[in-house]
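# Structure assessment
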Amino acid sequence: MEHGGDTKTYQGKSAHPLADFSANINPLGVPEVLKEAMARGLEGAHRYPDRFYRDLRRALGDWMGVEADHLVVGNGAMEIIAICISLFDKIYLPTPAFGEYESIAKDLKKEITTYPMSRPFRLNVDDFIAHMPEGALTIITNPHNPTGYTLSGDEVAEIYGAVVAHDGYLLADETFLPFVKGGEEGQKAGLYRPKQITVRAATKSHALPGLRLGWAVMNDGLRDRFLARQLPWSVNAVAEACGLRLKDCDEYMAKSREFIAAEREKLLALFKESEIAEALLGEANFLLIRLKSGDVEACFDFFLREGILLRTFSEAPLKDHYFRMAVRGEKENARFRELWTQFERSRPNV
């Protein structure tokens, strides 16, 4: 599976309605305040958005505590990340990671240096720094995708210091950070570092994958180079209207973190008792699961027949024995736990 959320490909493969555990979207759904904003945004569909997104950047800046002139907005985090990669000759990143980083860099014929991690795929910061190339854009995901673990503020600061010493730049993809209690506050220093790009989005945290709204903080003049590469009007009127109201969703996010933490614990308890699988510990709204025995294809097929779509991987080291699953709604998670018990009992030697 190349990406999560590819439900169209798997339609008709089950007699049950398909529950998408492959995409890590907030299970509480779109907040009401943003549904209201969508309706207002449609009223402006007959007009071009402000091509400089002055009101949107001001609202995001006030919310985050940064200057509007240090912000860029885009058609989801991926547009922003792709343009950032295009601005550098060298890319450095730990793997396994979100596959699009490396895919984009390859398409743009960038020089790529990877830092392979072994199980449990937690970054050894000192060794990562020891292998850091000169003059590269270093990309980290925090929380990491696909494991969900979070680097501390001190660890990111250490990586940043090394990046500067190596005459490079740091890109921190923080699209999952709102799911971590205290996460945004713990990484606040990164918003003001001259050589750090901090990328966030409403896709996962506010359940808006269909609208595409991302933004990034840039502090030392890189923003001008970025805007010279970006096509105009990359954020539509409805997405812009939602962005203006993100500051009013803090209570929604607090409830989301509380709900996801409680449901994640239930899933972790399930895998602690399992004889055939284990969950790698993380803090995000998803879990990376390792099968101790059997192959992941049989697991994927079993759950697909029962109406649950899991996220599998097409490349080593995750290809044969790992899958990722989102923390979904209470009933869907309960259904997964019930099916997992059936799946485990159906395995030989269990």
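Residues numbered from 1 in each chain as written. Predicted model: local features only at pLDDT ≥ 70, side-chain atom pairs only at ≥ 80, totals over all residues. Heavy atoms only, no water.

## Structural notes on helix α2 (residues 32-42)
Applicable threshold: The cut-offs for exposure are 20% and 50% of the maximum accessible area for each residue type, with area from a 1.4 Å probe on protein chains only; residues under the lower value are buried, those over the upper are exposed, and the others partly exposed. Secondary structure elements follow DSSP: runs of H or I no shorter than four residues count as helices, runs of E no shorter than two count as strands, and numbering proceeds from the N terminus. This arc is taken over the directions from the axis of the helix to the C-beta atoms. Should any heavy atoms of two residues lie within 4.5 Å, those residues are considered in contact.
Of all the residues in α2, the buried ones are V33, L34, A37 and G41. Projected down its long axis, α2 carries its buried residues within an arc of 90°, all on one side. Structural note: α2 exposes E32 and L42 on the side pointing more than 90 degrees away from its buried face. Those residues of α2 that are buried lie in contact with α10 (237-244).

## Focus: the packing of helix α3 (residues 54-64) against α10
Applied cut-off: Helix axes are fitted to C-alpha atoms over the stretch in contact, other axes to C-alpha atoms as well, and angles between N-to-C directions run from 0 to 180 degrees. Any angle that is under 35 degrees is reported as roughly parallel, and any over 145 degrees as roughly antiparallel; angles of 65 to 115 degrees are reported as roughly perpendicular and all others as oblique. For a crossing to be left-handed, the near helix must be turned anticlockwise from the far one by less than a right angle; the clockwise case is right-handed. In this classification, Asp, Glu, Lys and Arg are treated as charged, Ala, Val, Leu, Ile, Met, Phe, Trp, Tyr, Cys and Pro as nonpolar, and every other residue, Gly included, as polar.
The contact between α3 and α10 brings their axes to 8 Å, and the two run at 30°. Relative to α10, α3 is oriented roughly parallel. Our pair here, α3 against α10, has a crossing hand that is left-handed. Of the residues in α10, those in contact with D55, L56, A59 and L60 of α3 are E240, G243 and L244. Residues belonging to the contact of α3 with α10 are distributed by class as follows: four nonpolar, one polar and two charged.

## Some remarks on the packing of aromatic side chains
Keep this limit in mind: Side-chain rings of Phe, Tyr and Trp (the six-membered ring for Trp) are treated as a pair once their centres are within 6.5 Å; stacked means planes under 30 degrees apart, edge-to-face means over 60, and tilted covers the remaining angles. Placement of a charge over a ring requires the Lys NZ or Arg CZ to be within 6 Å of the ring centre, with the centre-to-atom vector within 35 degrees of the ring normal.
Taken as a whole and assessed by the stated rule, the structure comprises 20 aromatic pairs. Note on F176 and F286: the rings are 5.0 Å apart at their centroids and 70° apart in plane angle, and the pair reads as edge-to-face. Placement of F176 in the loop between β6 (169-173) and α8 (183-186) and of F286 in strand β10 (residues 286-291) is noted, with a sequence separation of 110 residues between them. For F176, a relative accessible area of 3% puts it in the buried group. Site record: aromatic cluster; members linked through ring pairs are F21, F271, F302, F303, F323, F336, W340 and F343. Above the face of the Y160 ring, R193 is positioned so that its terminal group lies 5.4 Å from the ring centre. The aromatic ring of F286 is capped on one face by R324, whose charged end is 5.7 Å from the ring centroid.

## Description of the sheet that holds β6
The condition that has to hold: Strands qualify as paired when DSSP identifies two bridges or more between them.
Sheet architecture is open: seven strands sit in the order β2-β8-β7-β6-β5-β3-β4, paired in mixed fashion. Only two strands of the sheet have a single partner each, and these edge strands are β2 (71-74) and β4 (111-116). This sheet shows a mean twist of 20° between the axes of neighbouring strands, independent of strand direction. Pairing analysis gives five bridges linking strand β5 (residues 137-141) to β6, with the strands arranged parallel.

## Some thoughts on the sheet that holds strand β12 (residues 322-326)
Spatially, the three strands line up as an open sheet ordered β9-β10-β12, and their pairing is antiparallel. The outermost strands of the open sheet, each flanked by one partner alone, are β9 (277-280) and β12. Neighbour to neighbour, the strand axes of the sheet diverge by 30° on average, direction disregarded. Examined bridge by bridge, β9 and β10 share four bridges and lie antiparallel to one another. Pairing of L280 across the sheet is with L288, part of β10.

## A look at unusual backbone geometry
For the peptide bond that leads from N145 to P146, omega is 25°, which places it in the cis range. For P146, the location among the structural elements is in the loop between β5 and α7 (153-165). With an omega of 10°, the peptide bond between A316 and P317 qualifies as cis. Checked against the element boundaries, P317 lands in the loop between β11 (308-309) and β12. Not every positive phi belongs to a glycine, and D167 is a case in point at roughly 55°. By secondary structure assignment, the location of D167 is in the loop between α7 and β6. A residue is classified by how much of its surface remains accessible, and D167, at 65% relative accessible area, is exposed.

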